[in-house]
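# Architecture and fold: a report
One-letter residues, chain by chain:
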Amino acid sequence: MGGNNPLVSWILTVVTSLFVAVMAVRSFGHWARKEWGALITHVVAGAVVAVMVFTPDKAVNILKFIGGKIATVFNG
């Protein structure tokens, strides 16, 4: 995603590190309090966000597919 631009690569590295750190801290907190539903929801939401951020082309294709399926339901 960063290509040959070192600034973009550096920013993505920093953001990725922060994302992983926040995910780890929050997940550990849910695990420690035995909040299993919140832990699973948090991990799944984190995975969805990671796909959206790190593979935007694939995420757009997935959303177009889902939108098309929803549109066929309402259009008959």
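Relevant structure appears above.
No experiment lies behind these values; they were computed from the predicted model shown.

This part is about the overall build of the chain. The helix and strand tally for the chain stands at three helices and zero strands. Of the regular secondary structure in the chain, the N- to C-terminal order runs α-α-α. On C-alpha atoms alone, the chain measures out to a radius of gyration of 17 Å, which is more than a quarter above the 11 Å that the 2.2 N^0.38 rule sets for 76 residues. Counting only C-alpha atoms, the chain reaches 45 × 45 × 10 Å along its principal axes. Burial analysis of the chain (76 residues in total) assigns 12% to the buried set. Here the chain has roughly 6000 Å² of accessible surface; of this, 74% comes from carbon and sulfur atoms.

As a further point, take the pattern of salt bridges. Evaluated as defined, the whole model comprises one salt bridge. Here Arg 33 ties to Glu 35 by a salt bridge, and the two come within 3.5 Å at their closest N and O atoms. Accessibility expressed as a relative area gives 54% for Arg 33, which makes it exposed.

Running from amino to carboxyl end, helix H1 (residues 6-32) crosses helix H2 (residues 36-54) at an angle of 170 degrees, the nearest separation of the two axes being 9 Å. When the axes of H1 and H2 are compared, the pair comes out roughly antiparallel. Together, Thr 16, Phe 19, Met 23, Arg 26, Ser 27, His 30 and Trp 31 of H1 and Trp 36, Ala 38, Leu 39, His 42, Val 43, Gly 46, Val 49, Ala 50 and Phe 54 of H2 make up the contact between the two elements. Grouping the amino acids of the contact of H1 with H2 by side-chain chemistry returns 10 nonpolar, five polar and one charged.

Parameters and conventions
Residues numbered from 1 in each chain as written. Predicted model: local features only at pLDDT ≥ 70, side-chain atom pairs only at ≥ 80, totals over all residues. Heavy atoms only, no water. Helix = DSSP H or I, 4+ residues; strand = E, 2+ residues; numbered from the N terminus. Rg over C-alpha atoms; globule rule 2.2 N^0.38 Å. Buried < 20%, exposed > 50% of the residue type's maximum accessible area, 1.4 Å probe, protein only. Areas by Shrake-Rupley, 256 points an atom, 1.4 Å probe, with all protein chains shown as cover. Salt bridge = Lys/Arg side-chain N within 4 Å of Asp/Glu carboxyl O. Axes fitted to C-alpha atoms, helices over the stretch in contact; angles between N-to-C directions. Parallel < 35°, antiparallel > 145°, perpendicular 65-115°, else oblique. Contact = heavy atoms within 4.5 Å. Nonpolar A, V, L, I, M, F, W, Y, C, P; charged D, E, K, R; others polar.

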